[in-house]
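Residue strings, one per chain:
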Amino acid sequence: MSKMDRTYASPSFQNLTAITTNSSDHFGSSSSPSPTSISTGGSRSVKIIPLEHPSTSAPGSGSGSGSGSVVAKWKARMKRMTWKEWIELFFPCYRWMSTYKVREYLQPDLMAGITVGVMLVPQSMSYAKLAGLQPIYGLYSGFIPIFVYTIFGSSRQLAIGPVALTSLLVSNVLSSIVEPSDKLYTELAILLALMVGILECTMALLRLGWLIRFISHSVISGFTTASAFVIALSEAKYFLGYEIERSSKIIPLVKSIISGAHKFSWPPFVMGSLMLAILLTMKHLGKTRKYLRFMRAAGPLTAVVLGTAFVKIYHPPSISLVGDIPQGLPKFSVPKQFGHIKSLVPTTALITGVAILESVGIAKALAAKNGYELDSNQELFGLGLANICGSFFSIYPTTGSFSRSAVNHESGAKTGLSGLVMGIIMGCALLFLTPVFEYIPQCALAAIVISAVIGLVDYDEAKFLWRVDKKDFLLWTITCMTTLLLGIEIGVLVGVGVSLAFVIHESANPHIAVLGRLPGTTIYRNTQQYPEAYTYNGIVIVRIDAPIYFANTSYIKDKLREYEIEKEESKGRGPEVSRIYFVILEMAPVTYIDSSAVQALKELHQEYKSRDIQLAISNPNRDVLLTLAKAGVVDLIGKEWYFVRVHDAVQICLQHVQRLTEFPKAQDFLAENKPSLFQRLLNQRKDEFFQPELESGVRESLLSKDTNPQLEPLMSKKT
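Residues numbered from 1 in each chain as written. Predicted model: local features only at pLDDT ≥ 70, side-chain atom pairs only at ≥ 80, totals over all residues. Heavy atoms only, no water.

Under an unreviewed UniProt entry, the chain has the name Sulfate transporter 4.2 and belongs to Capsicum annuum. In the Subcellular location (unreviewed entry) part of its UniProt record, the chain is described as follows: "Membrane". (UniProt positions renumbered as here; feature names shortened; annotations may be inferred.)

Draft legend 1. Inspection of the UniProt feature "transmembrane region" (unreviewed entry) in the chain at higher detail. Following the UniProt record, the feature "transmembrane region" (unreviewed entry) maps to residues 134-152, 184-206, 218-240, 264-282, 294-314, 380-403, 415-433 and 473-504 here. Between the C-alpha atoms that bound residues 134-152 there is a distance of 28 Å. The span itself is 84% helix and 0% strand. Structurally, residues 184-206 is divided into 96% helix and 0% strand, and its ends, taken at the C-alpha atoms, are 33 Å apart. (Helix = DSSP H or I, 4+ residues; strand = E, 2+ residues; numbered from the N terminus.)

Draft legend 2. Summary view of the confidence of the model for the chain. Summary statistics for the chain give a mean pLDDT of 81 and a share of 82% for residues scoring 70 or more. For the chain, the element scoring lowest by mean pLDDT is helix H28 (residues 675-683), at 43; helix H5 (residues 135-141) scores highest, at 95. Confidence drops under pLDDT 50 across residues 1-34; counting only partners more than four residues distant or on other chains, this segment forms 92 contacts. Counted against residues more than four places away or in other chains, residues 696-719, with its pLDDT under 50, gives 55 contacts. (pLDDT = per-residue confidence, 0-100. Contact = heavy atoms within 4.5 Å.)

Draft legend 3. Molecular detail of a nonpolar patch on the surface. Nonpolar side chains collect at one region of the surface, where Trp-83, Ile-87, Leu-89, Phe-90, Phe-91 and Ile-151 lie side by side and expose about 580 Å² of accessible area between them. No other element matches the four residues that helix H2 (residues 83-90) contributes to the nonpolar patch. Position of Phe-90 among the secondary structure elements: in helix H2. (Patch = residues over 30% accessible without salt bridge, like charges linked within 9 Å, V, L, I, M, F, W, Y side chains within 5 Å. Areas by Shrake-Rupley, 256 points an atom, 1.4 Å probe, with all protein chains shown as cover. Salt bridge = Lys/Arg side-chain N within 4 Å of Asp/Glu carboxyl O.)

Draft legend 4. Expanded view of the pattern of salt bridges. Tallied over the entire structure, the rule returns ten salt bridges. Glu-603 is the partner of Lys-557 in a salt bridge, and the nearest nitrogen-oxygen pair spans 2.9 Å. On the criterion of sequence distance, the pair formed by Lys-557 in helix H22 (residues 553-565) and Glu-603 in helix H23 (residues 595-610) is long-range, its members being 46 residues apart.

Draft legend 5. Structural context of the packing of helix H14 (residues 341-370) against helix H15 (residues 376-391). Remark: H14 packs on H15, axes separated minimally by 10 Å, with the N-to-C direction vectors making an angle of 120 degrees. With respect to each other, H14 and H15 are oriented oblique. Where H14 crosses over H15, the two elements pack in a sense that is right-handed. Across from Ala-355, Ile-356, Ser-359, Val-360, Ala-363 and Lys-364 in H14, the residues of H15 making contact are Ser-376, Glu-379, Leu-380 and Leu-383. (Axes fitted to C-alpha atoms, helices over the stretch in contact; angles between N-to-C directions. Parallel < 35°, antiparallel > 145°, perpendicular 65-115°, else oblique. Left-handed = near helix turned anticlockwise from the far one by under 90°.)

Draft legend 6. Summary view of the nonpolar core. Residues Met-125, Leu-139, Val-170, Leu-174, Leu-344, Tyr-396 and Phe-437 are the most contacted members of the largest nonpolar core, which totals 116 residues. Looking at which element gives the most residues to this core, the answer is helix H8 (residues 183-205), with 13 residues. Core analysis: the next-biggest nonpolar cluster, separate from the first, contains 54 residues, Ile-48, Tyr-536, Tyr-581 and Trp-641 among them. (Core = buried A, V, L, I, M, F, W, Y, C linked by side-chain atoms within 4.5 Å. Buried < 20%, exposed > 50% of the residue type's maximum accessible area, 1.4 Å probe, protein only.)

Draft legend 7. Molecular detail of the packing of aromatic side chains. A complete count under the given rule lists 18 aromatic pairs for this structure. Ring plane angle 75 degrees and centroid distance 6.4 Å describe the contact between Trp-641 and Phe-643, whose orientation is recorded as edge-to-face. For the pair shown, Trp-641 and Phe-643 are each scored as buried. Taken together, the aromatic side chains of Trp-96, Tyr-100 and Tyr-105 make up a single cluster linked through ring pairs. The ring centre of Tyr-439 lies 4.1 Å from the NZ or CZ of Lys-312, which sits over that ring. (Phe/Tyr/Trp six-rings, centres within 6.5 Å; stacked < 30°, edge-to-face > 60°. Lys NZ or Arg CZ within 6 Å of the ring centre and 35° of its normal.)

Draft legend 8. Molecular detail of the environment of Leu-168. As for its placement among the helices and strands, Leu-168 is situated in helix H7 (residues 164-175). Distance in space between the C-alpha atoms of Leu-168 and Leu-130 is 6.4 Å, their sequence separation being 38 residues. Dropping the residues within four chain positions of it, Leu-168 is found in contact with Leu-130, Ser-227, Val-230, Ile-231 and Ile-488.

Draft legend 9. Seen up close, the pairing of strand E10 (residues 582-586). Of all five residues making up E10, five are buried, and the element is well covered by its neighbours. Neither face of E10 is left uncovered, since the one carrying Phe-582, Ile-584 and Glu-586 and the one carrying Val-583 and Leu-585 both have all their residues buried. Inspection of the sheet shows strand E8 (residues 539-544) paired to E10 by five bridges, in the parallel sense. Residue pairing across strands places Val-542 opposite Leu-585, the latter belonging to E10. Across five bridges, the pairing between E10 and strand E11 (residues 614-618) is parallel. Residue pairing in the sheet places Val-583 in a bridge with Leu-615 of E11. Handedness of the E10-H23-E11 crossover: right-handed. (Pairing = 2+ DSSP bridges. Right-handed = clockwise from strand over helix to strand, strands pointing away.)

Draft legend 10. Quick look at the pairing of E8. Most of E8 is tucked away, with six of its six residues classed as buried. In E8, alternate side chains face the same way, and those of Ile-539, Ile-541 and Arg-543 on one face and Val-540, Val-542 and Ile-544 on the other are all buried. Bridge analysis of strand E5 (residues 512-517) against E8 gives four bridges, and the strand direction is antiparallel. Among the inter-strand pairings, Leu-515 is bridged to a residue of E8, identified as Ile-541.

Draft legend 11. Expanded view of the packing of helix H4 (residues 102-130) against helix H16 (residues 402-410). At a minimum axis separation of 9 Å, H4 and H16 run at an interaxial angle of 165 degrees. Here H4 is positioned roughly antiparallel relative to H16, judged by the angle of their axes. The hand of the H4/H16 crossing is right-handed. Within the contact between the two elements, H4 uses Ala-112, Thr-115, Val-116, Met-119, Leu-120, Gln-123 and Tyr-127 and H16 uses Ser-403, Arg-404, Val-407 and Asn-408.

Dropping the structure here:
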């Protein structure tokens, strides 16, 4: 163990510190972090762990080395990849196809595919109506994308296709441009699918999926809850028997429903209510009883079959029907109307955000439950490619469905084969069943949509947020109410804006704690969390629990000034002094420090120096320490004032505080410019008192001969 003897003088007296070492190395520059013996004053010494200072000229410390190392790692990885890994990179389906166990996987995959396929057919028509499109476009959207995603998507249980929220977004933006009955409406919906797919693929290739992390779960929950009410009211026209205004705001919808109440028709209301009751009952039974879980998926088909049978038998004139649906598979056609791209950009970004948050989130959860890894960017690429390819076959934007994915998982789906089965069922429906779909009641499709969106009303999340975090509950409420009153786009923008404002506020006002020593230990913790922790007179220990950068430097400096002034006399132990002489910054939680923070630290050091206060740094990480070294802060403060532990810093500072109490007229020596005399007094100081008495916080005079058996020394008298 290397030993270094260092004599410390109080920082209150500049230029009085005489430093002597057994070698020419700076403090803490030894090759191993072994404890170092440091002598302070006469023969008394303490053991501290030397801090390793990284070299600013070491390889990899340059500013341009980061990007170079990333490129080098990428090249090395590409060279190591085998032909199998290359196939898996471009065709993720190869991962489950190459390990497919026919006896174990085939039956559950077929059953899950058939179950969800039967559920998808009526749902896709219902969601197309919600989007303002003919039902056939919903069937198209549930056909081609499934096959593309099965090949290029990485999730084995995610069921993609039309969903309620995306359908509402499509209806909201397109209805403000053109009437749904116009052919342009359909062409813009197809163009929107192409734009969504391109944006998703671009983000996947650039690995930008992390951007959506700035939209908090509270915003999404509030947004989907409000959207559920808007969707349900939009579908109410099929229950009431008369047209209502198309809007994404709740007040115009309610006004339209009330103003047309005189046109109310009983037959569609009764049939729709019965269908809704059947759907909700079957969904509840499917969720609560495992042996009846097939009923959850069979609900939409049951509603369609019962409604169609009733219409075929009784021919009620007041119940509107779906009408003629073209038979056959979709034909290849290139999207048109590129002149409207600019007006569709905001909705494209919004739909893409929903796709990432919902689809990728669901896919990750299902992957974890089924024991395989999932790449978020690959998943996003698969969704984007499904939309791009589908747009050439007349689809509108699709994404992963929460309800169908859950049913697919619960039905035992093991691989993407279940998705292929769904696509085959949808293809059979397009080829053979469209003549039957002509007699489906519109109120039955509306009931399917309403039963699906009821699950989007996340009141459990609201109760949880109210109980756990009032700030997140406020965010949930703001997003929900803004979406209801001002519309979908504004609701999301306001929610995201408020969410970012909360993040910025927390970042600009980080948590800062004053640390105290836990009795009987050398551990230092927040004095507010541990009231029994005690501090030392003349020393304040501060922990900054956040990165330090330009936005929070002013706040941190202000808080440090407050801690310097606010001295808790009731908790302070050790020598009696009238003010703070040392400020120790515990920087273990500080993961990053920028140039503004470095400048602020320099200014803080100068302020402290002018008031005879020494700044000490404890446990900075390598990157932070390297930044401080490059900026000259390490040399400015002094390498001897950087420590591995708070405990080490306190040991040194506490002995300097003792010097102040032993030489009360030391300040006069400084004023008379007699540093040599003061230094000689320090060097001639004899080891008259036991160190445990000082460090245990005994408030009596150090001249007292009394001893306390309950003392907790920082270090032993002899080392």
